[in-house]
Amino acid sequence: MRKGTAVLTVVIIVALVALSQQSKKRTAELPDLRGMTLSEARAAAQNAGFNRLAGEDAHESNRLPLRGGNWKVCSQQPPPARLPLTTSVTVHVVKKDETC
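Details of the sheet that holds strand 3 (residues 71-77)
Stage number 1. Pairing is mixed across the open sheet formed by 3 strands, whose spatial order is 2-5-3. If you trace the sheet from one side to the other, it starts and ends with strand 2 (53-57) and strand 3, each paired once. Here the strands of the sheet are splayed against their neighbours by 35° on average, with no regard to which way each runs.
Stage number 2. Summarising the sheet, strand 2 and strand 5 (residues 89-95) pair through 5 bridges and their orientation is parallel. Its bridge partner being in strand 5, Gly55 is matched across the sheet by Val91.
Stage number 3. Helix-sheet contacts for helix 2 (residues 38-48) involve strand 2, strand 3 and strand 5, and the interaxial angle to strand 2 is about 155°.

Here it is in structure tokens:
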């Protein structure tokens, strides 16, 4: 192998390793948010690196869950998993005194 070819090979390998490390940084483990208040779920998702979280009323009333401490999470989409940080997370919530 010629010196120029060897250097090029090393450069390509280093670049591929760097890209691999960079792609790992762009994913994170989305935690299980069920049972948390909407405020706690929002904080847990953000602490994991997910900034796109929406709360939807799990009842057919289509209420707008504004005060996060008054709502609890019944389910989430997507479920807990390692996901890209750009993933939109939706939690389905009910009032704290209601059942899921």
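Having seen it, we continue.
Considering the pattern of salt bridges
Stage number 1. The tally for this structure, following the rule as stated, stands at 3 salt bridges.
Stage number 2. A salt bridge links Asp57 to Arg63; its shortest N-O distance comes to 2.8 Å.
Stage number 3. The partner of Glu98 in a salt bridge is Arg63, and the shortest N-O contact between them spans 2.9 Å. One end of the pair, Glu98, is in the segment after strand 5; the other, Arg63, is in the loop between strand 2 and strand 3, with 35 residues separating them in the sequence.
Stage number 4. The partly exposed category is assigned to Arg63, whose relative accessible area is 25%.
Stage number 5. In the salt-bridge network here, residues are joined through shared partners; they are Asp57, Arg63 and Glu98.

Definitions and cut-offs
Residues numbered from 1 in each chain as written. Predicted model: local features only at pLDDT ≥ 70, side-chain atom pairs only at ≥ 80, totals over all residues. Heavy atoms only, no water. Pairing = 2+ DSSP bridges. Helix = DSSP H or I, 4+ residues; strand = E, 2+ residues; numbered from the N terminus. Axes fitted to C-alpha atoms, helices over the stretch in contact; angles between N-to-C directions. Contact = heavy atoms within 4.5 Å. Salt bridge = Lys/Arg side-chain N within 4 Å of Asp/Glu carboxyl O. Buried < 20%, exposed > 50% of the residue type's maximum accessible area, 1.4 Å probe, protein only.

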